[in-house]
Amino acid sequence: MRRGAVFALISIALVVALVTTGIAVLVDWLPEQASEEREGIDAVLWLTVGICIFVFAVVASIAIYAGLKFRVRPDDESDGAPIHGHTGIEIVWTVVPTILVTIILVASVVVLGRNDNAGSNPLTVEVLGQQFAWQFTYPDNEGVRATNLYLPVGRSTRLVLRARDVIHSFFVPEFGQKQDLLPGIVTTLVITPTKEGEYRLMCTELCGQGHGLMRTRAIV
């Protein structure tokens, strides 16, 4: 490949990367970060975004360059020359994505393993999801029950989640974690709040006609 073509491809890729990076960084895409677990999740998210920007810049630069360099005249209706696949290129576009996906996998496994660690003295809260309401029980506090989730700031809380009827899904955007509640199966989730406040707690699994009303508050 000639130097001019390489320079053109790199220039286009840099422009595309700068534009997409600006969109990713300057637009406020994410809700407020309010838990320790969310920090690791956001790190994996931005790692993935960076990889996606890199891949998109490479693909877009080739597509733009090819479209400008090899476009045919409007009156040219002839067939293109027959070509054969390039083994080297096929190896590259197989190996590189495999490496990138493996990087995301390893980072995700590390973060999920760390987020599952509740420490030595977690608060336990039993969460019951049912059509179309939440119930929170505190066995460490004489079995007190509430319809809002109350969490202490700076202390890990281990949520023990159960569903009474159908599948529900526990989600507080600011905490970053989502976990399904399954009938007959106990699932768990660890949350360590870092900021005091009130946050939306919602069901994100379509659970019936009242699904959109299955909301309450997480109060830290």
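Now for a quick tour of the structure. In this text, all values refer to a predicted model and were calculated from it rather than measured experimentally.

So, the packing of aromatic side chains
Under the defined criterion, the tally for this structure stands at four aromatic pairs. Aromatic pair Trp 134 and Phe 170: ring centres 5.9 Å apart, planes at 90°, arrangement edge-to-face. Here Trp 134 is found in strand S2 (residues 133-138), whereas its partner Phe 170 is found in strand S6 (residues 168-171), with 36 residues between them in sequence. Since its relative accessible area comes to 1%, Phe 170 is described here as buried. An aromatic cluster of at least three residues, connected via ring pairs, comprises Trp 134, Phe 136 and Phe 170. Directly above the aromatic system of Phe 171 lies the positively charged group of Lys 178, at a separation of 4.7 Å from the ring centroid.

Description of helix H3 (residues 87-115)
When the terminal C-alpha atoms of H3 are compared, their 42 Å separation across 29 residues agrees well with the 42 Å that a helix rising 1.5 Å per residue should span. Check the buried side of H3 and you find it contacts helix H2 (36-69) and strand S8 (187-191).

Topic: the packing of H2 against H3
Following both chains from N to C, one finds H2 and H3 inclined at 175°, their axes separated by 9 Å at the closest point. In terms of their interaxial angle, H2 and H3 are classed as roughly antiparallel. Together, Glu 37, Gly 40, Ile 41, Val 44, Leu 47, Thr 48, Ile 51, Phe 54 and Val 55 of H2 and Leu 100, Ile 103, Ile 104, Ala 107, Ser 108, Val 111 and Asn 115 of H3 make up the contact between the two elements. The residue inventory of the contact of H2 with H3, partitioned by class, reads eleven nonpolar, four polar and one charged.

Describing the environment of Val 55
Relative to the helices and strands, Val 55 is located in helix H2. Put simply, Val 55 and Ile 103 are 48 residues apart on the chain and 14 Å apart in space, counted from C-alpha to C-alpha.

Thoughts on the pattern of salt bridges
On inspection of all chains with the given rule, the structure shows four salt bridges. For Asp 42, the salt bridge goes to Arg 38, with nearest N and O atoms at 2.8 Å. Of this pair, Asp 42 and Arg 38 both sit in helix H2, four residues apart, which is roughly one turn of that helix. Like Asp 42, the residue Arg 38 is buried in the burial classification. With a shortest N-O distance of 2.8 Å, Glu 198 and Arg 217 are connected by a salt bridge. With Glu 198 in strand S9 (residues 198-203) and Arg 217 in strand S10 (residues 215-219), this pair connects stretches of sequence that are 19 residues apart. Judged by its relative accessible area of 36%, Arg 217 is partly exposed.

Considering the pairing of S2
Bridge count for strand S1 (residues 123-130) against S2 is five bridges, and the pairing is antiparallel. Bridge pairing in S2 places Val 127 opposite Phe 136. Between S1 and the antiparallel strand that follows it, S2, lie two residues. Pairing of S2 with strand S3 (residues 144-146) involves three bridges; the strand directions are antiparallel. Across the sheet, the residue bridging to Thr 137 is Arg 145, located in S3. Counting the residues in the hairpin turn of S2 and S3 gives five residues, including Glu 142, whose phi is positive at 60°.

Looking at the sheet that holds S9
Pairing within the open sheet is mixed, and its five strands lie in the order S4-S10-S9-S6-S7. Each of the sheet's edge strands pairs with one partner strand only, and the pair in question is strand S4 (149-150) and strand S7 (178-181).

Calculation rules
- Residues numbered from 1 in each chain as written.
- Predicted model: local features only at pLDDT ≥ 70, side-chain atom pairs only at ≥ 80, totals over all residues.
- Heavy atoms only, no water.
- Phe/Tyr/Trp six-rings, centres within 6.5 Å; stacked < 30°, edge-to-face > 60°.
- Helix = DSSP H or I, 4+ residues; strand = E, 2+ residues; numbered from the N terminus.
- Buried < 20%, exposed > 50% of the residue type's maximum accessible area, 1.4 Å probe, protein only.
- Lys NZ or Arg CZ within 6 Å of the ring centre and 35° of its normal.
- Expected span 1.5 Å × (residues − 1).
- Contact = heavy atoms within 4.5 Å.
- Axes fitted to C-alpha atoms, helices over the stretch in contact; angles between N-to-C directions.
- Parallel < 35°, antiparallel > 145°, perpendicular 65-115°, else oblique.
- Nonpolar A, V, L, I, M, F, W, Y, C, P; charged D, E, K, R; others polar.
- Salt bridge = Lys/Arg side-chain N within 4 Å of Asp/Glu carboxyl O.
- Pairing = 2+ DSSP bridges.

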